[in-house]
Amino acid sequence: MEQRTLLALMVFSSLIVLAETNDQKHAVEIYSLHVDCKVTSRFAHTVITSRIVNRANESQEATFEVELPKTAFITNFSMSIDGEVYPGIIKEKTAAQNEYDSAVSQGQSAGLVKITDRKLEQFHVSVSIAAASKVTFQLTYEELLKRQLGKYELLIKVRPKQLVKHFQIDVHIFEPQGIHFLETDSTFMTNELTEALTKVQNETKAHILFKPTLDQQKKNSELDETLLNGDFVVRYDVKREATAGDIQIVNGYFVHYFAPQEMPVFPKNVIFVIDRSGSMTGRKIEQTRDALLKILQDLRQEDHFSFITFNNKVVEWKSSLLPATEENVASAAALVQTLTARGGTDISGALLAAVGVLEKAEGLPEQSISMIILLTDGQPTSGERNVEVIQENVQKAINGKYALFCLGFGFDVSYKFLEKMALSNGGIARRIYENADAALQLQGFYQEVATPILMQIEMQYPENSIEGLTKNNFKLFFEGSEIIVSGKISNELDFLPVEIKAQSHMSNFTLKEEANVKEKEQVFQNQKYIFGNFIERLWAYLNIQQLLEEAISAQEEDQKALEAQALDLSLRYSFLTPLTSMVVTKPQQQEELANKPTEADNEKPSSLPARASFKIFRSRMPSEDDSGALRVKSGSPAGRWRSELQAGSNRKMFSVSRFRDAVRAQPIANEHPQLLLQLPRQNERICLNIDKRAQTSVHLLSDPEQGLTVMGKLGDGINHFVQFDINYVNPPVQIHVYTHAILVSHNNKNNWLSWTKSTSSTIQGLKVSVEKERSITASLPNTVTVKIALVSFPDDFLGLYFLNTDRFSDKVTGVLGQFYSKVQFDSNSNNDQRAVERLLRVSGSEHKVSRSYKKDYRLESASEPVSCWSIDLTP
């Protein structure tokens, strides 16, 4: 019989939460995880194999969860349980959905793929496996690496959530043009993990191996947690000669790469159209100001620019474009710093005003490129509100003369609206995610379009000898990017001629090249890195991407024809695309459906969908009154969730009484303690809470022999610490840790560190390490290690703890420090593990402590509660 011990079932934002006990967590063990990636001429083929064993004496649920790049197409998935293989089958989406509707009505769930951030989407599937049984999950996906800012980037998300005995990442790269440079990067790498990374490289090939041992994976010896949580990135570029690019041929299919270098940059005429409506208030407008100030500094002297800001009113900064002189840039910076947010959103009026400024502009460089960059976070609520009318009016006004780039800030925008408008006018759309690095996202986008070096590029091939040619005309080419054209050679050719016509800043030019077909095919013979007909699959991948993009801005009839072509290729080459579904079969004839989401699907949900995914999600419990009745306000997210679940025959039904019974069956951990510590030489935890009414700044710990002092500050309106000050005597270093940043001071020099990236530095033996959006560690040889966790739910706060606490001296003092020298449980106190109260002696004082269950901020996942003795102190 399958056992699933329920700790807590929490309702928040229309999500249902299931948490497992520690026993369950360790019973299902990932004993092998292998990521095998082969990159051949930019086309990446990745296979992830996870082997799991159930070490419990009863059935358990095994979960396979992979984050893969949004630009990738899943091509294969299978589960192997006790010798039986359960494959995933790619089908046409509508047909698969119709087949699946009956399964949904019988209570099976869907939603195996979802977008998780701006680069990644998640594939998630679970299956029940018998005691002592094993399951092997295998997922394959393919992607064409895109060159941006002079490099290709291969991103592998690493998050096994437990230590893995056999963990390995293999990346093989083969680039016939030659590898110009190659680098690896990681958000979780430590000195110990670096020893597990090897890189072998020659002129055209590279092999990167990352194979950490169990000890190397551990965060530290005291906590059985893995370091492997973050991004593993490989970046490289290829060598290029001043020719018409590089042509590669395999089995009658060719791919042509073209990326000219060291060419003069076109002057730009750019108008920034910035939303300052009420929804942009707060962090969004601050990040927009920060990004625009940096972008202004990146303007070239030969560029011309202007600003239009809008809410329900459209305001032109200047009536014409100004040259990017030092004086004009400074004047614009002053405007940017005054930007505030209020009012409605007149997108139409702002864009038409921008076109008007470009239309009447005078004195612009003759050979220049004009573009409009729109940043908005919402729907049109003022002026013209019909999005189709706006799209039509803007396209008519631009009339192919200017490029329009649309940036959607957050999830309240209609991305589909922005994407269609951008693609209809020679630009692209991009979503800016509301993260701490939103300003960097804006700057990064501008850098991609800041240096146009070619326009009106036409790639010509012999018409009678080529079939299925992908897009071969391009309006603009930006420095650091790459043009890729692929097709099938239909006739017997000894030589494949190519002619490139384009316009540079200085002149029109033509490049000609001829590729020897037999010589080109010979390059890829007997190469171990090759996977099948990789150029044919690259051709299909590129075709599907371009057909889907073209369909976005096409008329309805043309749209259907384009989607039909893309669907045919998706099915023929087994790609999971927005037009197909993967039917995942499980034991007992269960089926689940995997659909590929698009960025336009990734809007803020207004309610729980009819077929909701059940995912782990940390949340607070709904409260319970003295009578035991569950209090759920009808207007709260939980109340809405309940009423929505009860509406519609296909929706998931849940009994509130079973909810209450399950919750009561186990201790509930619905909050973090202010401070959590492990008593030295005792297997007991203390959860310490300080009465904030006494003082907001608290002397937590001093140890004169360690030369260490720690102060803490409780937040206003939050019963947690929001600041810690760590002072070292030798070296004389002060570390001020805030929820928004970290300040390290030494010899009157200040160094600000950000939570948004991992970094490490050493000052006279004192090592300060930041783990991105997770924790900061300060360690000194032969000294206690100080760690502070950043916790972001429900409000940002900080959690302090120490490692190597046996190094504290007997002279350690402070509200927290006293527990490391002068503490013991009363000898007459009940030490039964089931006891709910005991007496604790601390520094000569006696305190009654009670057993409670709290979230452990030291752990990566705080879903499981920990038992601790709770004590309230007044400093």
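As a reminder, the structure under discussion sits directly above these lines.
Novice: Hey, could you run me through the sheet that holds strand 3 (residues 28-40) in this one?
Specialist: Backbone-to-backbone hydrogen bonds join strands into a sheet, with any given pair of strands oriented parallel or antiparallel. Read across the sheet, 10 strands follow the order 14-15-12-3-4-10-6-7-32-33 without closing on themselves; strand pairing throughout is mixed. At either margin of the open sheet sits one strand with a lone partner, and together these are strand 14 (197-201) and strand 33 (591-595). Within this sheet the neighbouring strands show an average axis-to-axis angle of 15°, counted without direction. Judged from the 11 bridges that link them, strand 4 (residues 43-54) and strand 10 (residues 134-144) form a sheet pairing that is antiparallel. In the sheet register, Val 53 faces strand 10, and the bridge partner there is Lys 134. The strands touched by helix 12 (residues 534-552) are strand 3, strand 4, strand 6 (73-81) and strand 10; relative to strand 10, the strand with the most contacts, the crossing angle is about 75°.

Novice: Quick question: what am I supposed to make of the environment of Thr 470 here?
Specialist: Looking at where Thr 470 falls in the secondary structure, it is placed in the loop between strand 27 (466-467) and strand 28 (473-478). In the structure, Thr 470 is positioned 77 residues away from Leu 547 in sequence and 9.1 Å away in space, judged by C-alpha atoms. If we ignore the near neighbours within four places in the chain, the residues touching Thr 470 are Ile 484, Val 485, Ser 486, Trp 539, Leu 542, Asn 543 and Gln 546. Within the local environment of Thr 470, its side chain forms a polar contact with the backbone nitrogen of Ser 486, the two atoms lying 2.9 Å apart.

Novice: What exactly am I supposed to notice about the packing of aromatic side chains here?
Specialist: Scanning the entire structure with this criterion turns up 32 aromatic pairs. Aromatic rings pair up to connect Phe 272, Phe 305, Phe 307, Trp 317 and Tyr 446 into one cluster. Over the ring of Tyr 257 we find Arg 42; its NZ or CZ atom is 3.7 Å from the centre of that ring. Positioned above the aromatic ring of Phe 174, the side-chain terminus of Lys 205 is 5.8 Å from the ring centre.

Novice: Just to check I follow, could you spell out the pattern of salt bridges for this structure?
Specialist: Two side chains carrying opposite charge are able to pair once their charged atoms lie near each other. Enumeration according to the criterion identifies 36 salt bridges in this entry. A salt bridge links Arg 431 to Glu 599; the shortest N-O distance between them is 2.5 Å. Note that Arg 431 is positioned in strand 25 (residues 429-432) and Glu 599 in the loop between strand 33 and helix 14 (637-645), a separation of 168 residues in sequence. The buried category is assigned to Arg 431, whose relative accessible area is 4%. Across the salt bridge formed by Arg 572 and Asp 568, the nearest N and O atoms sit 2.8 Å from each other. Of the two residues, Arg 572 and Asp 568 both sit in helix 13 (residues 556-572), four residues apart, roughly one turn of that helix. Note on Asp 568: relative accessible area 40%, which makes it partly exposed.

Novice: Could you clarify how one ought to interpret a negative patch on the surface in this entry?
Specialist: Residues Glu 549, Glu 550, Glu 557 and Asp 558 make up a contiguous surface patch of negative charge. For the negative patch, the secondary-structure elements that each account for two or more residues are helix 12 and helix 13. Under the relative-accessibility criterion, Glu 550 is labelled partly exposed at 47%.

Novice: Help me understand the pairing of strand 7 (residues 84-92), please; the structure alone is not making it clear to me.
Specialist: Residues in a regular strand project their side chains so that they alternate between the two faces of the sheet. Note that strand 6 and strand 7 share four bridges and pair antiparallel. Bridging from a neighbouring strand, Met 79 pairs with Tyr 86 of strand 7. Joining the antiparallel neighbours strand 6 and strand 7 is a turn of two residues, in which Asp 82 adopts a positive phi near 50°.

Here is what the cut-offs are and how they apply
Residues numbered from 1 in each chain as written. Predicted model: local features only at pLDDT ≥ 70, side-chain atom pairs only at ≥ 80, totals over all residues. Heavy atoms only, no water. Pairing = 2+ DSSP bridges. Helix = DSSP H or I, 4+ residues; strand = E, 2+ residues; numbered from the N terminus. Axes fitted to C-alpha atoms, helices over the stretch in contact; angles between N-to-C directions. Contact = heavy atoms within 4.5 Å. Polar contact = N/O pair within 3.5 Å; in protein donor to acceptor, adjacent residues only side chain to side chain. Phe/Tyr/Trp six-rings, centres within 6.5 Å; stacked < 30°, edge-to-face > 60°. Lys NZ or Arg CZ within 6 Å of the ring centre and 35° of its normal. Salt bridge = Lys/Arg side-chain N within 4 Å of Asp/Glu carboxyl O. Buried < 20%, exposed > 50% of the residue type's maximum accessible area, 1.4 Å probe, protein only. Patch = residues over 30% accessible without salt bridge, like charges linked within 9 Å, V, L, I, M, F, W, Y side chains within 5 Å. Areas by Shrake-Rupley, 256 points an atom, 1.4 Å probe, with all protein chains shown as cover. Lys, Arg positive; Asp, Glu negative; His and termini not counted. Charge placed at Lys NZ, Arg CZ, Asp CG, Glu CD.

The values are spatial; any link to function lies outside them.
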